[in-house]
There are 2 protein chains.
Amino acid sequence: MRPLILISNDDSLTAPGIAHLVRLMRELEAEIVVVAPASPQSGMGHAITIGHPLRLDQSDIFGEGVTAYACTGTPADCVKIAKHYVLEGRRPDLVVSGINHGSNSSVNVLYSGTMSAAIEAAIEGLPAIGFSLCEYGDAADFSHVGPWVLEICRQALAHGIPAGTALNVNIPKNAAGPIQGIRLARQARAKWQEKFEQRHDPYRRPYYWLLGDFVNKDLGRDTDEAALAAGYVSVVPCQYDLTNYGALGEMAEAWQLALPEGGPAATPPQPVASEDYGPAAQ
Amino acid sequence: MRPLILISNDDSLTAPGIAHLVRLMRELEAEIVVVAPASPQSGMGHAITIGHPLRLDQSDIFGEGVTAYACTGTPADCVKIAKHYVLEGRRPDLVVSGINHGSNSSVNVLYSGTMSAAIEAAIEGLPAIGFSLCEYGDAADFSHVGPWVLEICRQALAHGIPAGTALNVNIPKNAAGPIQGIRLARQARAKWQEKFEQRHDPYRRPYYWLLGDFVNKDLGRDTDEAALAAGYVSVVPCQYDLTNYGALGEMAEAWQLALPEGGPAATPPQPVASEDYGPAAQ
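For clarity, every value in this text was computed on a predicted model and none was experimentally measured. (Residues numbered from 1 in each chain as written. Chains lettered and ligands numbered in written order. Predicted model: local features only at pLDDT ≥ 70, side-chain atom pairs only at ≥ 80, totals over all residues. Heavy atoms only, no water.)

Caption draft 1: Here's a closer look at the packing of helix 1 (residues 16-26) of chain A against helix 4 (residues 146-159) of chain A. Residues and elements named next belong to chain A. It is at 10 Å that the axes of helix 1 and helix 4 come closest, and there the two elements cross at 60°. Looking at the two axes, helix 1 sits oblique to helix 4. The two elements helix 1 and helix 4 meet at a crossing, and its hand is right-handed. Contacts from Leu21, Leu24 and Met25 in helix 1 reach Gly146, Val149, Leu150 and Cys153 in helix 4. Among the residues making up the contact of helix 1 with helix 4, the classes are represented as six nonpolar, one polar and no charged. (Axes fitted to C-alpha atoms, helices over the stretch in contact; angles between N-to-C directions. Helix = DSSP H or I, 4+ residues; strand = E, 2+ residues; numbered from the N terminus. Parallel < 35°, antiparallel > 145°, perpendicular 65-115°, else oblique. Left-handed = near helix turned anticlockwise from the far one by under 90°. Contact = heavy atoms within 4.5 Å. Nonpolar A, V, L, I, M, F, W, Y, C, P; charged D, E, K, R; others polar.)

Caption draft 2: Main features of the sheet that holds strand 6 (residues 128-133) of chain A. Residues and elements named next belong to chain A. An order of 3-4-2-1-5-6-7-11-8 is seen for the nine strands of this open sheet, with the pairing classed as mixed. The sheet terminates laterally at strand 3 (56-59) and strand 8 (181-184), the two strands that pair on one side only. Pairwise comparison of adjacent strand axes, ignoring direction, gives a mean angle of 25° for this sheet. Relative to strand 5 (residues 94-101), strand 1 (residues 4-8) runs parallel, the two being bridged by four bridges. Each bridged residue has a counterpart across the sheet, and for Ile5 the counterpart in strand 5 is Leu94. Contacts from helix 2 (residues 75-86) reach strand 1, strand 2 (31-37), strand 3 and strand 4 (66-71), with the element oriented near 135° to strand 2. In this fold helix 4 packs onto strand 5, strand 6, strand 7 (165-171), strand 8 and strand 11 (232-239), with an angle of close to 170° to the strand it touches most, strand 6. (Pairing = 2+ DSSP bridges.)

Caption draft 3: Focus on the relation of the copies chain B and chain A. Between the two copies, chain B and chain A, the superposition gives an RMSD of 0.0 Å; the rotation angle is 180° and the shift along the axis is 0.0 Å. Such a turn and shift between the copies fits a two-fold axis. Most of the interface of chain B is mirrored in chain A, where 99% of its interface residues again form contacts. (Least-squares fit on C-alpha atoms with pLDDT ≥ 70 in both.)

Caption draft 4: Fine view of the nonpolar core. Grouped together as the largest cluster of nonpolar side chains are 76 residues, with contacts concentrated most on A:Val35 and B:Val35. Apart from residues no more than four positions distant in its own chain, A:Val35 is found in contact with A:Leu6, A:Ile7, A:Ser8, A:Leu56, A:Tyr69, A:Cys71, A:Cys78, A:Ile81, A:Ala82 and A:Val86. (Core = buried A, V, L, I, M, F, W, Y, C linked by side-chain atoms within 4.5 Å. Buried < 20%, exposed > 50% of the residue type's maximum accessible area, 1.4 Å probe, protein only.)

Caption draft 5: Representation of the side chain of B:Ser106 in the model. In this structure, B:Ser106 sits in the loop between strand 5 (94-101) and helix 3 (108-111). On the accessibility criterion, B:Ser106 (0% relative accessible area) is buried.

Caption draft 6: Focus on the pattern of salt bridges. Scanning the entire structure with this criterion turns up 22 salt bridges over all chains. Note that A:Glu124 is salt-bridged to A:Lys83, the shortest N-O span being 3.6 Å. With a gap of 41 residues between them, A:Glu124 in the loop between helix 3 (113-123) and strand 6 and A:Lys83 in helix 2 connect regions that are remote in the sequence. According to the relative accessible area criterion, A:Lys83 is buried, its value standing at 2%. Between B:Glu124 and A:Lys191 there is a salt bridge; the shortest N-O distance is 3.4 Å. Here B:Glu124 is found in the loop between helix 4 (113-123) and strand 6 (128-133), whereas its partner A:Lys191 is found in strand 9 (residues 191-200) on a different chain. Each member of the pair, B:Glu124 as well as A:Lys191, is classed as buried. One continuous salt-bridge network, built from bridges that share partners, spans A:Arg186, A:Arg189, A:Asp218 and A:Asp222. (Salt bridge = Lys/Arg side-chain N within 4 Å of Asp/Glu carboxyl O.)

Caption draft 7: Local environment of the sheet that holds strand 4 (residues 66-71) of chain B. All names here are of chain B. With mixed pairing, the nine strands of this open sheet are ordered in space as 3-4-2-1-5-6-7-11-8. Single-partner strands in this sheet number two, and they are strand 3 (56-59) and strand 8 (181-184). Taken over all neighbouring pairs, the strand axes of this sheet differ in orientation by 25° on average, direction set aside. Note: strand 5 against strand 6, five bridges, orientation parallel. By the bridge assignment for strand 6, Val95 is matched with Ala128. Across the face of the sheet, helix 2 (residues 75-86) comes into contact with strand 1 (4-8), strand 2 (31-37), strand 3 and strand 4 while running at roughly 135° to strand 2. Those strands touched by helix 5 (residues 146-159) are strand 5, strand 6, strand 7 (165-171), strand 8 and strand 11 (232-239), and its axis lies near 170° from that of strand 6.

Caption draft 8: How the structure looks around the layout of surface pockets. Here the second largest pocket is characterised by a volume of approximately 890 Å³. For the second largest pocket, the lining is made up of 40 residues, of which A:Ile48, A:Ile50, A:Gly51, B:Ser42 and B:Gly43 are closest to its centre. Those elements giving two or more residues to the lining of the second largest pocket turn out to be helix 2 of chain A together with strand 5, helix 3, strand 9 (191-200) and strand 10 (206-215) of chain B. It is strand 10 of chain B that contributes the most residues to the lining of the second largest pocket, five residues altogether. Of the residues contributing to the lining of the second largest pocket, the split by class is 16 nonpolar, 18 polar and six charged. (1 Å grid on protein atoms, 1.4 Å probe; cavity = no way out; pocket = protein on both sides within 12 Å on 5 of 7 lines; lining within 4 Å. Points joined across faces, edges and corners; volume = space filled by probe spheres on them.)

Caption draft 9: Expanded view of unusual backbone geometry. All names here are of chain A. Of note, the bond from Gly98 into Ile99 is cis; its omega dihedral lies within 30 degrees of zero at -10°. At Arg204, a position not held by glycine, the phi torsion is positive, near 70°. Among the structural elements, Arg204 can be located in the loop between strand 9 and strand 10 (206-215). Among the residues examined, Arg204 registers a relative accessible area of 75% and is labelled exposed.

This is how it looks when you write it as structure tokens:
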């Protein structure tokens, strides 16, 4: 049976990156449904739209055989409305988001709309992958990404993705040289060193532009940044359980607070299978 | 020396919840600086503003002794501009966000603007806490929260918060009865069962409202939901390293992919102290 693949992104339905992803998913002989933002949503993190409604407009942008919609919401909204309205309860075999124009490695995963679509799908119990190319701009070169994206999607379809987890895949830019392979990695402990530049509008009122340099002082060789620097595609399994289990015991001692009932909970519990949420959630 | 406390939220500078938080922080004899969104930002997750600049308007809303600004960005933007512009490099001793009108327990932490302000502060290496009251609306009753908020802030100032971690504090509503105490907890594996309601505008074009029921099938007694249901204030230490370390080994085996260089990385590395990022980040 043909797999059902749901595609979204954060750069909008008309971005080159999502067109490449749709073209690649055709090679998997999948049924393809696309629900992507009507306007660019970079940096939207895991935002959702509350307080006003969404619009959904069908599009033939990808030609025959691909059902596509532009949604006026965020990437997380797109996955929600795809799952609960467009697909009318059918469960995709795979959800892919991207291909983002620009890296979402390290701490950028938190700000990433691309990854929020994947994580939203993981919350729904769906296998999900966010793909990003480490090259910004509309002119980004996607010509080398095909085999790597396809290999990762084939493995996900064949072997699944651990429960409660979405994959954050980053691909080195083509100009960096031939890709060495695919490497599992942890999120590097890097961050942005930011500053704000003050300017004045023609009415002499100040406004502020956010500027920043990405700084990685995490020297671990097991990070996504290290894998990318060595020419590998990095794959970080990302969870949406934010609990710092190690900190629970540390805080119980230092703060003299009650530990959770039922024990110290020093290790993560086993994820609940999505089916446990009942048919209404699926 | 008086501690320096930075306050933000997601319900905007004029929400009752932040006024309660400012009033409570005065009791700690702290120097207080507030940078909060100019308009409500609920559900904004960890969104940041890129592509257009921010405005910052000073306000005397909290009266004498409190420096306050409304910022046109998201909660994460507020913390960034507070840290890098308003405070001119001074490091707050504590960052508090809220008090949110409505629960941010369980998976809601991902969508929460309140918690994104706290997590942004944690990324900057600052001790940070997001406070939420499990009661929605402008008429929410904050009259019982004082001793619990103060106790948690005093402990944070005295004992610190584990590195790489922000606290997600949820407080039962007053109508639920007397609070039993403070309990450390893990994030419950609950989710929203969502649906979309289709309506038509006066021009016969459809639009869609997101509706949902919060469903908790996680029966663990060590969750934030269980603590709240038992009448306790729940405290979940939240990390921004999303790596699912357990999944790295699982995937290396099932997918036959290369493990990260330097070993299996099956356990989280020690967080880097914020100072390791160098003075420019502080």
